[in-house]
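Fold and geometry: a report
As a plain string of letters, each chain reads:
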Amino acid sequence: METRKVQVTGGSTYTVSLPKEWATKNDVSGGSVVEFYPEDDSLLLTPRREEEKVEGTLDITGLEDDELMRAVVTMYVSGFDIITLETQQVTAAQRRTIREATQGLVGLEVIGETAERVKLQDLLDSSELSIHNAITRMRLVSTTMLADAVTALLEDDDDLAADVVQRDDDLDRLWSMVSRVFRSVLRDPSAAATIGLDRETCFDYHSSARQLERVGDHAAKIATHADTLGLPPEDAADALQDLHDEATEIIGMAMDALLEEDSDRATRLANDARQRVTKIDELSRRVDDEIRELEPQQAQLLGLIVDSLSRSADYGGNIAETALQKAAPKP
């Protein structure tokens, strides 16, 4: 940390000198333009730069399937605008995996290919991306997936179950986009100004988006089990429906609290959601009582579904905790 004294020049203008080492490192000299970003009681300063695409190169020798896909996602989330994947000879399998990865990421397209490399580029303007809209969409997709997964189970609808599993890709796409925007905000103060949110709010949205992504994962898990299970007994079905309804209500209340501008109302909603999480154990035990006498394999799979619904409610509780922190007075 370095300190500077504020000087007054011309009787009304405050001036502060910049550390020479920092200025030299960032190519700041006489006549350079710097940008200031007020954030509560802080003032962030950054050199003004021409907008340039951030390029990154990755050696994909030996990378295949999930490992290669994860590498592409990591480069995207890390904030690279142009990604060059290179090796001595890009195989057909690698090309298929790369294209599959780009289809799961918002804005990323293949813009060039040779025998030794594949070049990808994010074609979206960051100013067009709204983390608020993305998390609102994630809320809708995840809760709808959860509802349809339970419906598929209770109505023995294999087509609906398969559709829920496919929709998990849509949720993952939104989650990766939120992660990319969040990391750009951490790196660059101008990114926060562009999307119109301060960094603390971006952090709250990012952590909550992670919880919604997990809800989607459990919805897909329920749908997968529903595809192999027959219809559960009526009493067990009713208990599962009640457990789902309570979990969804918790998630909805928590998200309402997170997005609420009025801090008092946000606090009330978040506390109500957290209190309702305590009822989940009671509802889970009720389902366990209903399935205990069933055939062992069916009882085991239904037990996994109960666990997924309970965890989804817990994720709603985590969002409520984040909403409470967001609504709390700032020091």
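Summarised in this report is the structure supplied together with it. (Residues numbered from 1 in each chain as written. Predicted model: local features only at pLDDT ≥ 70, side-chain atom pairs only at ≥ 80, totals over all residues. Heavy atoms only, no water.)

**With respect to the overall build of the chain**
In plain terms, the rule: Note on conventions: DSSP H or I runs of at least 4 residues are helices, E runs of at least 2 residues are strands, and numbering of each starts at the N terminus. With a 1.4 Å probe rolled over the protein chains alone, any residue whose accessible area is under 20% of its type maximum counts as buried; one over 50% counts as exposed, and the rest are partly exposed. We call two residues in contact whenever any of their non-hydrogen atoms come within 4.5 Å of each other. Here the open area of atoms and residues is found with the Shrake-Rupley method and a 1.4 Å probe, where only the protein chains shown may cover a residue.
Broken down by element type, the chain carries 10 helices and 8 strands. Along the three orthogonal principal directions, the C-alpha set of the chain runs to about 85 × 60 × 30 Å. In the chain, which comprises 331 residues, the proportion classed as buried is 44%. Across the chain, every contact between residues at least 6 apart in sequence was considered, and the portion connecting residues at least 24 apart equals 72%. Of the roughly 18300 Å² of accessible surface on the chain, a fraction of 46% belongs to carbon and sulfur atoms.

**A few points about the pattern of salt bridges**
Pairing of side chains with opposite charge becomes possible as their charged atoms draw close. We count it as follows: We define a salt bridge as a side-chain nitrogen of Lys or Arg found within 4 Å of a carboxyl oxygen belonging to Asp or Glu.
Counted according to the given criterion, the structure contains 16 salt bridges. Close ionic contact of Glu-86 with Arg-117 constitutes a salt bridge, the shortest N to O distance being 3.7 Å. Taken together, the residues Glu-86 in strand S6 (residues 82-86) and Arg-117 in strand S8 (residues 117-122) connect sequence positions 31 residues apart. Residue Glu-86 is classed as partly exposed on the basis of its relative accessible area of 29%.

**Looking at the sheet that holds S6**
Rule in force here: Pairing between two strands is assigned when DSSP locates at least 2 bridges connecting them. Only the contacting stretch of a helix is used when fitting its axis, a line to C-alpha atoms as for every element, and angles between N-to-C directions run 0 to 180 degrees.
Within the open sheet, the 4 strands sit side by side as S5-S6-S8-S7. Their pairing is mixed. Looking at which strands have only one partner, the edges of the open sheet turn out to be strand S5 (55-59) and strand S7 (108-113). The sheet shows a mean angle of 25° between the axes of neighbouring strands, taken without regard to direction. Relative to S8, S6 runs antiparallel, the two being bridged by 5 bridges. Paired with Thr-84 across the strands is Lys-119, a residue of S8. Of the strands in this sheet, S5, S6, S7 and S8 touch helix H2 (residues 65-77), which is tilted by about 160° from S5.

**Some remarks on a nonpolar patch on the surface**
Stated formally: Like charges are joined within 9 Å and nonpolar side chains (Val, Leu, Ile, Met, Phe, Trp, Tyr) within 5 Å, but only among residues with over 30% relative accessible area and no salt bridge; these make up the patches.
Together, Val-6, Val-8, Tyr-14 and Val-16 make up a nonpolar patch on the protein surface, roughly 430 Å² of accessible area in all. The class for Val-6 is exposed, based on a relative accessible area of 52%.

**Thoughts on unusual backbone geometry**
Notably, Asp-65 is not glycine yet its phi reads approximately 50°, a positive angle. The residue Asp-156 is not glycine, and still its phi comes out positive at about 55°. Tracing the sequence through the fold places Asp-156 in the loop between helix H4 (131-155) and helix H5 (158-187). The exposure class assigned to Asp-156 is partly exposed, which follows from its relative accessible area of 39%.

**Brief notes about the packing of aromatic side chains**
Stated precisely, the cut-off is as follows: For this analysis, a ring pair means two rings from Phe, Tyr or Trp (six-membered ring only for Trp) whose centres lie within 6.5 Å, classed as stacked if their planes differ by under 30 degrees, edge-to-face if by over 60, and tilted for the remaining angles. Distance and angle both matter: a charge sits over a ring if NZ of Lys or CZ of Arg is within 6 Å of the ring centre and within 35 degrees of the ring normal.
Enumeration over the complete set of coordinates arrives at 1 aromatic pair. Measuring from centroid to centroid gives 6.1 Å for Phe-182 and Phe-203, while their planes differ by 50°, and the two rings are tilted. Here Phe-203 lies in helix H7 (residues 199-226) and Phe-182 lies in helix H5, a separation of 21 residues in the sequence. Between Arg-180 and the ring centre of Tyr-76, over which it is positioned, the NZ or CZ distance is 4.9 Å.

**Concerning the packing of H4 against H5**
Counted only if it meets this: Note on terminology: angles under 35 degrees are roughly parallel, angles over 145 are roughly antiparallel, angles of 65 to 115 are roughly perpendicular, and the others are oblique. Take the far helix as your reference; a near helix turned counterclockwise from it by less than a right angle gives a left-handed crossing, and one turned clockwise gives a right-handed crossing.
At their nearest, the axes of H4 and H5 sit 9 Å apart, and the two run at 160° to each other. What the angle tells us is that H4 and H5 run roughly antiparallel. For the element pair H4 and H5, the recorded crossing hand is left-handed. Of the residues in H5, those in contact with Ile-131, Ala-134, Arg-137, Met-138, Val-141, Ser-142, Thr-144, Met-145, Asp-148, Ala-149, Thr-151 and Ala-152 of H4 are Leu-160, Ala-161, Val-164, Arg-167, Asp-168, Leu-171, Leu-174, Trp-175, Met-177, Val-178 and Val-181.

**Side note on a negative patch on the surface**
Operational definition: In this tally, Asp and Glu contribute negative charge and Lys and Arg positive charge; neither His nor the terminal groups of the chain are included. In plain terms, the charge of a residue is placed at NZ if it is Lys, CZ if Arg, CG if Asp and CD if Glu.
A cluster of acidic side chains, namely Glu-64, Asp-65, Asp-66, Glu-67, Glu-100 and Asp-169, defines a negative patch on the protein surface. Among the elements that make up the negative patch, the one with the highest residue count is H2 (3 residues). Along the chain, the position of Asp-66 falls in helix H2. A relative accessible area of 64% means that Asp-66 is categorised as exposed.

**A short note on the pairing of S7**
Two elements, S7 and S8, share 5 bridges in a ladder whose sense is antiparallel. The residue bridging Gly-112 from the neighbouring strand is Lys-119, located in S8. Taking the residues that link successive antiparallel strands as the turn, the S7-S8 hairpin has 3 residues.

**Here's the deal with the environment of Gly-62**
Mapped onto the fold, Gly-62 is located in the loop between S5 and H2. Here Gly-62 falls in the exposed class, since its relative accessible area comes to 65%. For Gly-62 and Thr-87, which are 25 residues apart along the polypeptide, the C-alpha to C-alpha distance reads 8.8 Å.

**Some remarks on the packing of H4 against helix H10 (residues 296-327)**
Put simply, the test is: Residues are grouped as follows: Ala, Val, Leu, Ile, Met, Phe, Trp, Tyr, Cys and Pro are nonpolar; Asp, Glu, Lys and Arg are charged; all remaining types, including Gly, are polar.
Two numbers describe how H4 lies on H10: the axes approach to 12 Å, and their chain directions differ by 160°. Considering the angle they form, H4 stands roughly antiparallel to H10. Like other packed secondary-structure pairs, H4 and H10 cross with a definite hand, here left-handed. Listed contacts from H10 to Leu-146, Val-150 and Leu-153 of H4 are Leu-302, Ile-305, Leu-309 and Ser-312. Split by residue class, the contact of H4 with H10 holds 6 nonpolar, 1 polar and no charged.

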